[in-house]
Structures are given as C-alpha cells and as structure tokens.
Amino acid sequence: MKKVLLTALAISAVSFTSQAQLKGLVSKAKDKVTAATGKSTLSNTDIASALKEALNKGVTEQVTKLTAEDGFYKNEAVKILLPQELQKVDKKLRQIGMGKLADEGIKVLNRAAEDAVKGATPIFVNAITSMSFTDAKNILMGADNSATAYLEKTTTTPLYGKFSPVVKTSLSNVGADTVWEKIITKYNGLPLVTKVNPDLTDYTTNKALEGVFKMIAVEEKSIRTDLASRTSDLLKKVFALQD
C-alpha cells in the first residue's frame with residue numbers, strides 16, 4: 001500500500017511539473033499563487049511587484065549605460081551605423097581621402113542618440129507602474145523577452161515622441177547638422193552621383209529606440225537565467241516559478 005501511495009504521489013508530481021512548464025503556474029481562477037520554493041504563498045501583488053522590480057532594474061542599468069558618452073558609439077550591439085542611402089556616401093568619401101569626416105559623421109549620430117535616451121526612464125517607469133497582474137503573469141511565464149516586448153508595445157509611440165525633438169536639437173548641439181551638411185554638400189557636388197537628402201532625425205530616433213530595447217532584452221534574459229542577477233528575495237521567489 002505504501003509503495004502504491006508513493007508511486008501515485010510521484011506521478012502527480014511529474015504531472016504538476018509538466019503542466020507548470022507548459023501552461024504556467026498561475027491559475028486565472030485564484031488570487032494566490034503558491035511558490036514551489038518553500039511554504040510561502042505569493043500573492044498577485046508579490047508577483048506584479050517582482051516583475052516591476054526586475055523591469056525597473058533593467059531600465060535603470062541599461063538606459064544609464066546608453067546615456068553615457070560612447071554608450072552607443074562604443075557598444076557594437078547598438079552602435080548606429082549609416083542608413084542604406086548613406087553607405088554609398090561613406091564609401092565615396094573614404095575613396096577620396098575623407099575617411100575622418102565620414103567617421104565624424106557616424107560619431108555625431110551616436111552622440112545624438114546618447115543624449116535622447118536620457119528622456120526614456122520616466123516613460124518606462126509609467127509603463128511599468130501601469131502593469132496589471134495579468135500583464136505580470138503573462139510576462140513571468142512567457143518567453144525570455146516577454147517583458148521587453150511588453151515595454152516595446154506600450155512605450156514605442158511615446159518614446160518616439162520624446163526622442164525625436166531631443167535628437168533634432170542634439171544633432172545641432174553636437175554639431176551633427178554642420179558635419180552632415182558638409183558631408184552631403186561634398187558628396188552631392190561630386191560628378192555622376194545621385195544626390196541624397198536623408199532624414200537623419202527620424203533615422204537616429206528609430207535607431208536609438210532599437211538600441212534601448214535591445215539592451216533591456218539583454219538585462220531581462222540575465223534576470224531570467226542567471227540566479228546571481230536576482231538581487232532580492234522577492235525576485236528569487238517569483239522567478240523560481242518560471243525556472
């Protein structure tokens with residue numbers, strides 16, 4: 001009888017684990033979720049708080065890195081290169097011995113992005129604060145980039161609106177408009193070339209957004225997979241649910 005009981009318990013445990021992995025550990029019909037790491041019961045508030053803590057950590061650390069000088073320019077993962085239209089400009093300038101001017105053109109685009117991203121944190125904080133328990137549950141049990149995808153969905157439009165005027169002003173402040181006016185004038189004055197007139201503000205704004213979300217995704221994956229990145233007891237308990 002004892003052996004039968006132990007076998008039944010083992011089968012139940014396997015079944016529970018499988019369902020947890022495939023469907024999630026949080027039941028829609030319940031207000032409480034019991035963690036598999038001890039006797040503590042995690043409430044909806046606990047789960048939402050942990051996700052918000054994790055996202056705030058990712059935003060704070062990664063956005064701060066990007067706003068530093070060379071945050072974009074010396075980070076190969078997010079460094080802003082020239083758009084397709086201007087790659088021929090870059091190539092032509094280097095062919096005629098103006099590689100230094102071409103390099104400066106790339107640098108000032110990255111400087112503008114570093115400047116613009118400084119306005120991102122309040123918008124992210126608002127999105128994180130507004131997160132519902134359902135959002136938190138879906139993120140917790142979702143893919144490695146679920147939190148980043150949530151932020152991308154909820155903040156892209158306001159971030160673009162915030163970044164664009166800053167990029168425009170910053171392009172002027174860092175001298176990008178002067179540098180690029182010189183580059184474009186020089187290129188358009190060459191014989192047998194198709195003249196260009198790129199919208200550098202729109203291009204740089206979109207690339208800045210792309211870089212921000214890419215680095216937040218890096219932080220999110222770290223929190224999900226690296227136990228050392230779970231820097232509080234609440235994070236450890238909640239993220240244990242998705243391990």
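The rules behind these values
Numbering of residues begins from 1 in every chain and follows the order in which that chain's sequence is written. In keeping with the predicted nature of the model, local features appear solely for residues at pLDDT of at least 70, side-chain atom pairs appear and are counted solely at 80 or more, and the whole-chain, interface and lining totals rest on all residues. Excluding hydrogens and water, the side-chain figures rest on all heavy atoms present in the structure. Each helix is a run of DSSP H or I of at least 4 residues and each strand a run of E of at least 2, with the numbering of both proceeding from the N terminus. In what follows, a contact means two residues having at least one pair of non-hydrogen atoms within 4.5 Å. Nonpolar cores are built from buried Ala, Val, Leu, Ile, Met, Phe, Trp, Tyr and Cys residues. Side-chain atoms within 4.5 Å join them into one set. Only protein chains enter the accessibility calculation, which uses a 1.4 Å probe; a residue is then buried when its area is under 20% of its type maximum, exposed when over 50%, and partly exposed in between. Salt bridges, as used here, are contacts in which a Lys or Arg side-chain nitrogen is within 4 Å of a carboxyl oxygen on Asp or Glu. A helix is expected to reach a length of 1.5 Å times the quantity of its residues less one. This arc corresponds to the set of directions leading from the helix axis out to the C-beta atoms.

**Student:** Quick one: what's the story with the environment of Val 108, residue by residue and with numbers?
**Tutor:** Looking at where Val 108 falls in the secondary structure, it is placed in helix α4 (residues 99-116). As a C-alpha pair, Val 108 and Tyr 73 span 35 residues in sequence and 8.9 Å in three-dimensional space. Discounting chain neighbours no more than four positions away, the residues touching Val 108 are Leu 171, Val 174, Ala 176, Val 179 and Trp 180.

**Student:** Explain the nonpolar core residue by residue, including any values.
**Tutor:** The nonpolar side chains of a soluble globular protein tend to be buried, and buried together. The biggest cluster of nonpolar side chains holds 64 residues, and the ones touching the most others in it are Leu 51, Val 117, Phe 124, Leu 151, Phe 163 and Trp 180. Once residues within four sequence positions are removed from consideration, Phe 124 is found in contact with Val 59, Val 63, Leu 151, Thr 155, Leu 159, Val 212, Phe 213 and Ile 216.

**Student:** Summarise unusual backbone geometry; cite the residues concerned and give the values.
**Tutor:** Leaving glycine aside, a negative phi is the common case for residues, and trans is the common case for peptide bonds. For Asp 70, which is not glycine, the phi dihedral falls at a positive 75°. Counting through the fold element by element, Asp 70 comes out in the loop between α2 (44-67) and α3 (84-95).

**Student:** Residue-level account of the pattern of salt bridges, with values.
**Tutor:** What the rule picks out here adds up to 8 salt bridges. In this structure, Arg 94 engages Asp 103 in a salt bridge whose closest nitrogen and oxygen atoms are separated by 2.6 Å. On the basis of relative accessibility, which here comes to 36%, the residue Arg 94 falls in the partly exposed class. Salt-bridge contacts for Asp 115 lead to Lys 118; the nearest nitrogen and oxygen are separated by 3.7 Å. The structure contains a network of salt bridges with shared partners spanning Glu 69, Asp 70, Lys 74, Arg 111 and Glu 114.

**Student:** Which residues make up helix α8 (residues 176-188), and what are the values?
**Tutor:** Given a rise of 1.5 Å per residue, 13 residues ought to cover 18 Å, and the 18 Å separating the end C-alpha atoms of α8 matches this to within 8%. All of the buried residues along α8 are Ala 176, Val 179, Trp 180, Ile 183, Ile 184, Tyr 187 and Asn 188. Along the axis of α8, the buried residues cluster in a sector spanning 150°; they form a single face. Exposed side chains of α8 directed beyond 90 degrees from the buried face belong to Thr 178, Glu 181, Lys 182 and Thr 185.

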